[in-house]
Amino acid sequence: AASDSGASSTDNKTSVTTPTFIGTVEAGAKVELFAQKTVGNVPSGDVISLGTVTLAPTATAWSIASGVLLGDGVYLVTAKSTDKAGNPGATSAPLTIEIRTVAPPAPSTPVLATASDSGVNNTDRITKVTTPAFTGTADKSGTVTVSAKRGTDPEIVLGTTTASASAGAWSFATPTAKALGAGDWSITARVTDVFGKQSDASPPLPITLDLTNPIADTMTVDGSVTGDGWVRAGDAHVDGEIGRAHV
């Protein structure tokens, strides 16, 4: 399990290029480990020996760390034993492993969910929602970490989610405990693939949190009002944030 890096320790996907393998065999036997690279599930490379171990007379559990540096790819790993009398045993069933040491590409630029983009325009990324939701795409089945940064403040990790296995789509809603304050924010995503390698940050998504209520318009009356109670043109005007409209 120690050599099975990434989110799962049982998926046989790893970034470790000299992995360790374990197994059991007849007491006191000698075990040799082999690997063969495959392409499209078809063996295509030479069978190479990764190492051997000879057990103590009563021992049955074996462990071999690969003495060969394995490059990126899919391998069939088998073990073959020889008992204390020198009789060769049958080759074990193959274990399929995949090694990848290259970091995944950065996720796409996050997208502010329409429901989180409040106001008249739901595509301007100006909102009063302090726990906004985001979507995007990343390496399939990877763990996506969503972060936010405001000005010179330290970056905040908002949380994580998992990209789908089919298309790498992900969605994330900011938890209440990480609610954003007013101001201009940059939202980024990083992905850690199933092999345990983390990508660079995505391009940032700029959003603005506007939590200030607008100033109310006011009306004043210029001059006197005629005796009939009607306010005629030139008698009134409206003051507001966007200027002065005269009646």
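Here is a short report on the structure shown in this document. (Residues numbered from 1 in each chain as written. Predicted model: local features only at pLDDT ≥ 70, side-chain atom pairs only at ≥ 80, totals over all residues. Heavy atoms only, no water.)

A few words on the overall build of the chain. In terms of regular secondary structure, the chain is built from 0 helices and 19 strands. Each of the 247 residues in the chain was classed as buried or not, and the buried ones make up 31%. Looking at the chain alone, contacts between residues at least 24 apart form 58% of all its contacts between residues at least 6 apart. When the accessible surface of the chain is summed, it comes to about 13,800 Å², and 56% of that surface belongs to carbon and sulfur atoms. (Helix = DSSP H or I, 4+ residues; strand = E, 2+ residues; numbered from the N terminus. Buried < 20%, exposed > 50% of the residue type's maximum accessible area, 1.4 Å probe, protein only. Contact = heavy atoms within 4.5 Å. Areas by Shrake-Rupley, 256 points an atom, 1.4 Å probe, with all protein chains shown as cover.)

Read from one edge of the open sheet, 5 strands run β10-β16-β15-β12-β13, paired in mixed fashion. Across the chains shown, the open sheet's two edge strands, defined by having one partner strand only, are β10 (126-127) and β13 (156-162). Pairing of strand β15 (residues 183-192) with strand β16 (residues 205-209) involves 5 bridges; the strand directions are antiparallel. Of the residues in β16, the one forming a bridge with Gly 183 is Leu 209. (Pairing = 2+ DSSP bridges.)

Strands sit in the order β9-β11-β14 across an open sheet of 3 strands; the sheet is antiparallel. Looking at the sheet topology across the chains shown, the edges are occupied by β9 (111-112) and β14 (169-173).

For Thr 127, the position within the fold is in strand β10. You can call Thr 127 buried: its relative accessible area is 2%. From its side chain, Thr 127 meets the backbone oxygen of Ser 116 in a polar contact 2.5 Å long. Here Thr 127 is in contact with Ser 116, Asp 117, Ser 118, Thr 208, Leu 209 and Asp 210, once residues within four sequence places are set aside. (Polar contact = N/O pair within 3.5 Å; in protein donor to acceptor, adjacent residues only side chain to side chain.)

What follows is about the pattern of salt bridges. What the rule picks out here adds up to 5 salt bridges. For Asp 193, the salt bridge is made with Arg 100, and the minimal N-O distance between the two is 2.9 Å. Here the residue Asp 193 occupies a position in the loop between β15 and β16, and Arg 100 occupies one in the loop between β8 (95-99) and β9, the gap between them amounting to 93 residues. What makes Arg 100 partly exposed here is its relative accessible area of 25%. For the salt bridge of Asp 153 with Arg 150, the shortest nitrogen-to-oxygen distance reads 3.2 Å. Under the relative-accessibility criterion, Arg 150 is labelled partly exposed at 27%. (Salt bridge = Lys/Arg side-chain N within 4 Å of Asp/Glu carboxyl O.)

Another point: the environment of Lys 84. Mapped onto the elements of the fold, Lys 84 is located in the loop between β7 (73-82) and β8. According to the relative accessible area criterion, Lys 84 is exposed, its value standing at 57%. Taking C-alpha positions, Lys 84 is 7.6 Å from Lys 30, a pair spaced 54 residues apart along the chain.

Counting 18 residues, the largest nonpolar core has Val 144, Trp 170, Ile 187 and Ile 207 as its most contacted members. Those elements giving two or more residues to this core turn out to be β12 (143-149), β14, β15 and β16. The greatest single-element share of this core, amounting to 4 residues, is contributed by β15. Discounting chain neighbours no more than four positions away, the residues touching Ile 207 are Leu 112, Arg 125, Pro 132, Phe 134, Leu 180, Gly 183, Asp 184, Trp 185 and Ile 187. Within the second largest apolar cluster, 16 residues are counted, among which are Val 31, Leu 50, Ala 79 and Ile 99. (Core = buried A, V, L, I, M, F, W, Y, C linked by side-chain atoms within 4.5 Å.)

Here the focus is the pairing of β15. The pairing of β12 with β15 spans 7 bridges and is antiparallel. Among the inter-strand pairings, Thr 145 is bridged to a residue of β15, identified as Arg 190.

Attention now moves to the environment of Thr 17. Tracing the chain through its elements places Thr 17 in the loop between β1 (13-14) and β2 (20-24). Classification of Thr 17 by relative accessible area gives partly exposed; the value is 23%. A sequence separation of 54 residues divides Thr 17 from Gly 71, and the C-alpha atoms of the two residues are 6.4 Å apart. With sequence-adjacent residues up to four places away left out, Thr 17 is seen in contact with Val 68, Leu 69, Leu 70, Ile 99 and Thr 101.

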